[in-house]
Amino acid sequence: MTPLEALGADKQWRELAQSQGGRLGRVVQVDRGECEVMTDEGQIRVSSDSQRAQGDVAPVTGDWITVVPDLDDIPTVEQVLERRTLVVRRDPAEHARAQTLVANVDVVGVVHGLDRRINPAQLERFCVVAWQSGASVAIILAKADLRRRPERDAEKAAALAPGASVVVTAALRGEGLDQMTALLEGNRTLALLGPSGVGKSTLINALVGSEVQTTQEVRAGDARGRHTTIARRLIALPNGGSIVDTPGIRAVGPWDAWEGLAAAYAEIDALDQECRFAEDCWHQGQPGCAVAGNVDPGRLRRYLELANELADQDLDLARRRHE
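Residues numbered from 1 in each chain as written. Predicted model: local features only at pLDDT ≥ 70, side-chain atom pairs only at ≥ 80, totals over all residues. Heavy atoms only, no water.

### Quick look at the sheet that holds strand β9 (residues 136-142)
And step 1. Spatially, β10-β9-β8-β11-β13-β12 is the arrangement adopted by the six strands of the open sheet, whose pairing is mixed. Looking at strand neighbours, the two that pair on one side only are β10 (165-168) and β12 (233-236), the edges of this open sheet. On average, adjacent strands in this sheet sit at an angle of 25° to one another, irrespective of strand direction.
And step 2. Across the sheet, helix α3 (residues 120-132) touches β8 (107-113), β9 and β11 (189-193), and the angle it forms with β8 is around 170°.
And step 3. In the packing of helix α6 (residues 200-208) onto the sheet, contacts are made with β8, β9, β11, β12 and β13 (242-245), and the angle to β13 comes to roughly 160°. (Pairing = 2+ DSSP bridges. Helix = DSSP H or I, 4+ residues; strand = E, 2+ residues; numbered from the N terminus. Axes fitted to C-alpha atoms, helices over the stretch in contact; angles between N-to-C directions. Contact = heavy atoms within 4.5 Å.)

### What about the pairing of β10?
And step 1. Here β9 runs beside β10; their pairing, made up of four bridges, is parallel. Within β10, the residue paired with L141 across the bridge is V168.
And step 2. Taken together, β9, helix α4 (residues 150-160) and β10 constitute a β-α-β crossover, and its handedness is right-handed. (Right-handed = clockwise from strand over helix to strand, strands pointing away.)

### Some details on a negative patch on the surface
And step 1. Together, D256, E259, D312 and D314 give the surface a local cluster of negative charge.
And step 2. The topology assignment puts D256 in the loop between β13 and α7 (258-264).
And step 3. Since its relative accessible area comes to 45%, D256 is described here as partly exposed. (Patch = residues over 30% accessible without salt bridge, like charges linked within 9 Å, V, L, I, M, F, W, Y side chains within 5 Å. Areas by Shrake-Rupley, 256 points an atom, 1.4 Å probe, with all protein chains shown as cover. Salt bridge = Lys/Arg side-chain N within 4 Å of Asp/Glu carboxyl O. Lys, Arg positive; Asp, Glu negative; His and termini not counted. Charge placed at Lys NZ, Arg CZ, Asp CG, Glu CD. Buried < 20%, exposed > 50% of the residue type's maximum accessible area, 1.4 Å probe, protein only.)

### So, the nonpolar core
And step 1. Within the largest apolar cluster, 55 residues are counted, with the highest numbers of intra-cluster contacts made by L24, V87, V105, I139, L261 and Y265.
And step 2. A142, V167, L177 and L190 belong to the second-largest nonpolar core, a separate cluster that totals 21 residues. (Core = buried A, V, L, I, M, F, W, Y, C linked by side-chain atoms within 4.5 Å.)

### Considerations on the side chain of T61
And step 1. Relative to the helices and strands, T61 resides in the loop between β3 (42-47) and β4 (64-69).
And step 2. The buried category is assigned to T61, whose relative accessible area is 4%.
And step 3. At 2.8 Å, the side chain of T61 forms a polar contact with the backbone oxygen of R232.
And step 4. Look past the residues within four positions of T61 in its chain and what remains in contact with it is V27, V28, Q29, V30, V102, A103, R232, R233, L234 and V244. (Polar contact = N/O pair within 3.5 Å; in protein donor to acceptor, adjacent residues only side chain to side chain.)

This is the structure we're talking about:
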C-alpha cells in the first residue's frame, strides 16, 4: 500500500489527476503559502499559488491536488481537484463569510469529553456543521473513565444526534479504540471537531500508538483546555486511514447549512413536511401545526434559533450582493 493509498487514493482521484496532467497529492497541512503534501513517493513541500489553484480556491487540509514543477523546478499546486465533502463554518471574525476547515473527509467526528455534562445546544450546532459537509457523522464521547454511567451519556447523545453513530472511548485505557478504527475501514478519513480539552489529541495518540499530538491538562474549574493543536493536520494511521485534528472550537457558527439543519433535526424536519402551513410556519403553536407539541420544547427552541440564524445570514448576504 503506497502512502497515498493509505490516505484514501482511489481510481477516481488518480484518473482525475491524470486528466489534469499532474502528479496526484493530498494536502497534509497548509502553512504560510506552502503545503505539506503526500505523494506516492512520500511527503514533499509544495508551493501554493492561489492564482494557479483554481483562482480563489486555495488548498486546505485534506484536499486532493495535482502537483507540477514551476519554471524553477519547484513543486507547485497546479489544481485543487473537485471536493467530495467540505467542512465549513461561519468565519468567527466575519459575520458574512465562510471559513473552510477541511476537505474530503468521509466521517466527521464531533468529540465531547465526559469530564463535563453534555451541552445539547453545542452538540447540535456541531452536528449541523458536520451533516452539512456531506460526510457521515459520529458522536465521539471521550474520557468515559471519568464518568460513572457513560452509557447514559451515550443514550442522550443518540437522542440529540439522530442518524449519527455514537462511540464511547477512554483513550488512556484503550477503550473504544476498536470502534474508532472501524470508522476508518477502507482507508477513510475522519475529521475531529470539538472544543479544546475534550480529548481529541489524546485519542489520536492512542490510535497512532505514539505521541504525535501534544496534550495538556484542562482547567479543573470548568474543564476547559488550551489550544494544544494550532493547525489542521492530516495524520496517517499505521494500518491505513487518516485523521484530521483541528484546533479547538469553542463556538461554531453554521454557514449556509439548511441541509445540515434538516439532517441534525431529522425528526423535526420530517414533521415540518406535514405541517399545514408549510414554509410559512415557525411552529409556535398555531392550530394545525404538526411540529409544536410533538417534539421536545427545548430541542424545538434550539432548532428555531438556528433556523433564524441561517435566515438572517441569507438576508445579510442578499443585502451585500445589492450594495
